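# Topology and contacts: notes
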Amino acid sequence: NLHISVKSWKFINQWDCDFYVSTWSNTKQISNRLVGLEFNQKIDESYIKKHLPSVKIDILDENEIVLSNPDLKTNGDKSIFHMKNCLRMIFEQDKKYDFILLTRSDQYFVMNDDLSYYELLNEKNTIYTLEEIEKTNDEIKINDIYFWGIFDTIKSVIEIGRAHV
């Protein structure tokens, strides 16, 4: 799905940014549960670099990781694992960023705005996303298409998750 998503990410050519991708070595997407269409693909570096040439990548065996990490029970836990893994890669590069845009590679969204608009979204301890974050009882509902925020805020949110890298 990355090949479709990147077509909507106009910022790729407008902003000076780095990309970090943590993904499973195999992907299985069910396109339409009623019809039962499935999309299975083996993921390798060439597939990702075709769309994001300067990306830093970690491709992992899902079965191996899940067996060694009992905290990875839900898809949400697995997403947090990948976020933490990307954060680990950032620290290994010894880079400090002003902002982080965190998204899933299968999300199609349009961000055609100039970077100067997003630079205004810089409040400490604030995460920007498409919709309001809802909290009901003990559950938090978040539209995970993308998250934007200053580095330290996004880092803190990622570190809260249960999954361990």
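Here we summarise the structure given alongside this text. (Residues numbered from 1 in each chain as written. Predicted model: local features only at pLDDT ≥ 70, side-chain atom pairs only at ≥ 80, totals over all residues. Heavy atoms only, no water.)

### Observations concerning the overall build of the protein
Put simply, the test is: To qualify as a helix, a DSSP run of H or I must reach at least 4 residues; to qualify as a strand, a run of E must reach at least 2; elements of each kind are numbered from the N terminus. Think of it in three bands: residues with accessible area under 20% of the maximum for their type are buried, residues over 50% are exposed, and the middle band is partly exposed, with areas taken using a 1.4 Å probe on protein chains only. Whether two residues touch is decided by their heavy atoms; if any such pair falls within 4.5 Å, the residues are in contact.
Along the protein, the regular secondary structure elements total 7 helices and 8 strands. Out of the 165 residues in the protein, the part that is buried amounts to 36%. The long-range share in the protein, meaning contacts at least 24 apart out of those at least 6 apart in sequence, stands at 68%.

### Describing the environment of W24
Short version of the rule: Within 3.5 Å is the distance limit for a polar contact, defined as a pair of N or O atoms, with the added protein rule that one can donate a hydrogen and the other accept it, and that residues adjacent in sequence qualify only through two side-chain atoms.
Tracing the sequence through the fold places W24 in strand β1 (residues 20-24). Taking the C-alpha atoms as reference, W24 lies 8.5 Å from D58; in sequence the two are 34 residues apart. Among residues more than four places away in sequence, those in contact with W24 are I43, I59, L60, D61, E62, I65, K78, F81 and H82. Within the structure, W24 has its side chain in polar contact with the side chain of H82 (distance 3.4 Å).

### Considerations on the environment of N40
Take N40: it is sitting in strand β3 (residues 37-42). Residues N40 and K28, 12 residues apart in the sequence, show an inter-C-alpha distance of 4.5 Å. Apart from the residues lying within four places of it in its own chain, the contact partners of N40 are T27 and K28.

Structural measurements only, silent on function.
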